[in-house]
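Here is how the chains run, residue by residue.
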Amino acid sequence: MQVTETLAEGLKHEFQINVPASDLDAKADARLVNLKDKVRLNGFRPGKVPVSHLKKVYGRSVMAETIDQTIRETNSQIFTERGFRLATEPKITMPTEQKAVEDILAGKSDLTYTVSIEVVPPIQLADFKSFTVEKPIAEVTDADVDDAIKRIADQNRAYAAKGEDAKAESGDRVTISFKGTINGTPFEGGAGEGIQVTIGSNTFIPGFEEQLIGIATGETRNLKVSFPKNYANDKLAGQPAEFETTATLIEAPQESKIDDEFAKSLGLESLDKLKEAARQRLSAEFAGATRQRVKRMLLDRLDESHRFEAPPSLVEEEFKLMWNSIKAEMESSGKTFADEDTTEEAAKEEYHKIADRRVRLGLVLSEIGEKNKITVTDDEVSRAVIERARQMPGREKEVWDYYRNNANALAQLRAPIYEDKVVDFILELANVTEKKVTREDLYKDDETEKSAA
């Protein structure tokens, strides 16, 4: 066997391999001898079929199998000897001319092919003991608890009917009946009776609720709206529609009295128990926000400490996934790059940088996990599946079956668990200091500070 490296350009390598026909023929004959005791052919006793006859019957298919196995074994040997870690599947180029293919399968010609690969560069990991991470800690105050309970009260407030001549205002709840048409034609799902709409809740089609302001009980209005471009029903998405709408009842929100009785209406024993539950929930939310801030800081530090060329094909693949998502989102919202105060070229450049960062961080986290034998157990994945199932009451079995029968979906659950375990490993080594902050500081610029990772 002869191996010649024909390209070594950055992370890209290409090899031309020549396997003598005699080597292939010997391997194929060995497979035929092994096949001799397994096949049954008319006119021959078991195990007595001559290899020469087997070659006539199965020679072509056995040679094809031999070539496939030889290529896999040869490639593996080349990559192992050179210490290559592949970034993508190798690209193999075989002879395509009919006569050349026939001669190889017949054992008359050497097998000559090329294999192109892209490799992961060696990654020199930083000394994580030198990392300093500031952990923001926010305590839940009584004011936070009171605000949370007020929000709960607002969400559960009672409504009372307004007077006969009253008109609907923002925040009022209007009971309506409506008939919708598109270009004068009724459409499926476009009619309703006794539907309650809270003006300002933004639960209906954009523009629908605002047109109910000022409507009186018994009044009928024609509301003109357009379905969003990303509406779930493709037949209605982006379509202009008109709804003949009649208000049958107008109710104003009532002030909720926050006391023991209110707590009992929510299934709790007393107001103190409600406050305790609210405090626990806020504590969990603050802890989650702290975790995300620390994780972003750590990933930023990993990014700064590990600068290397990321495999271009992986970066391009990541970029395409992101770019397709961005384009789809902009199309559905009707926005342009000018609306975002940028250009398509500048946006592409920015997302290429983000894709590069994501790929590099993914490789760094993988390297850390591999070198420190960090793994995700089947039990941990199962618990994640169970948690997902709990989020969809009544569809638990459907969710469980989906993940059990979908390897890619299961991998998507495993990935964040693995990432969090690697992050925890680094934090155990790093110098972590706590800093008390306010709730506002904890959540400040939460969106703009989100890491590209």
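Residues numbered from 1 in each chain as written. Predicted model: local features only at pLDDT ≥ 70, side-chain atom pairs only at ≥ 80, totals over all residues. Heavy atoms only, no water.

Let us look at the side chain of Thr245. Tracing the chain through its elements places Thr245 in strand β10 (residues 240–253). Residue class for Thr245 comes out buried when judged on its relative accessible area of 0%. In terms of polar contacts, Thr245 uses its side chain to reach the backbone carbonyl oxygen of Phe243, at 3.3 Å. Residues in contact with Thr245, not counting those within four places in the same chain, are Ile176, Ser177, Phe178, Phe208, Leu212, Ile215, Glu219, Thr220, Arg221 and Leu223. (Helix = DSSP H or I, 4+ residues; strand = E, 2+ residues; numbered from the N terminus. Buried < 20%, exposed > 50% of the residue type's maximum accessible area, 1.4 Å probe, protein only. Polar contact = N/O pair within 3.5 Å; in protein donor to acceptor, adjacent residues only side chain to side chain. Contact = heavy atoms within 4.5 Å.)

Take the confidence of the model for the protein next. With 94% of its residues at a pLDDT of 70 or more, the protein shows a mean pLDDT of 90. The model gives residues 447–453 a pLDDT under 50, and that stretch makes 14 contacts with residues more than four places away or in other chains. (pLDDT = per-residue confidence, 0-100.)

Below, the discussion takes up the packing of helix α8 (residues 344–371) against helix α11 (residues 407–429). Running from N to C, α8 and α11 point in directions that differ by 70°, and their axes come no closer than 10 Å. The angle between the axes of α8 and α11 places the two elements in the roughly perpendicular class. For the pair formed by α8 and α11, the contact residues are Leu365, Ser366, Ile368, Gly369 and Glu370 on the first element and Tyr418, Glu419, Val422, Phe425 and Ile426 on the second. A per-class count over the contact of α8 with α11 returns six nonpolar, two polar and two charged. (Axes fitted to C-alpha atoms, helices over the stretch in contact; angles between N-to-C directions. Parallel < 35°, antiparallel > 145°, perpendicular 65-115°, else oblique. Nonpolar A, V, L, I, M, F, W, Y, C, P; charged D, E, K, R; others polar.)

The subject of this paragraph is the pattern of salt bridges. Enumeration over the complete set of coordinates arrives at 36 salt bridges. Note that Glu318 is salt-bridged to Arg358, the shortest N-O span being 3.2 Å. You can see Glu318 sitting in helix α7 (residues 312–333) and its partner Arg358 sitting in helix α8, a full 40 residues away along the chain. The exposure class assigned to Glu318 is partly exposed, which follows from its relative accessible area of 22%. Within the structure, one salt-bridge network assembled from shared partners comprises Asp300, Asp303, Arg307, Asp356, Arg357 and Arg360. (Salt bridge = Lys/Arg side-chain N within 4 Å of Asp/Glu carboxyl O.)

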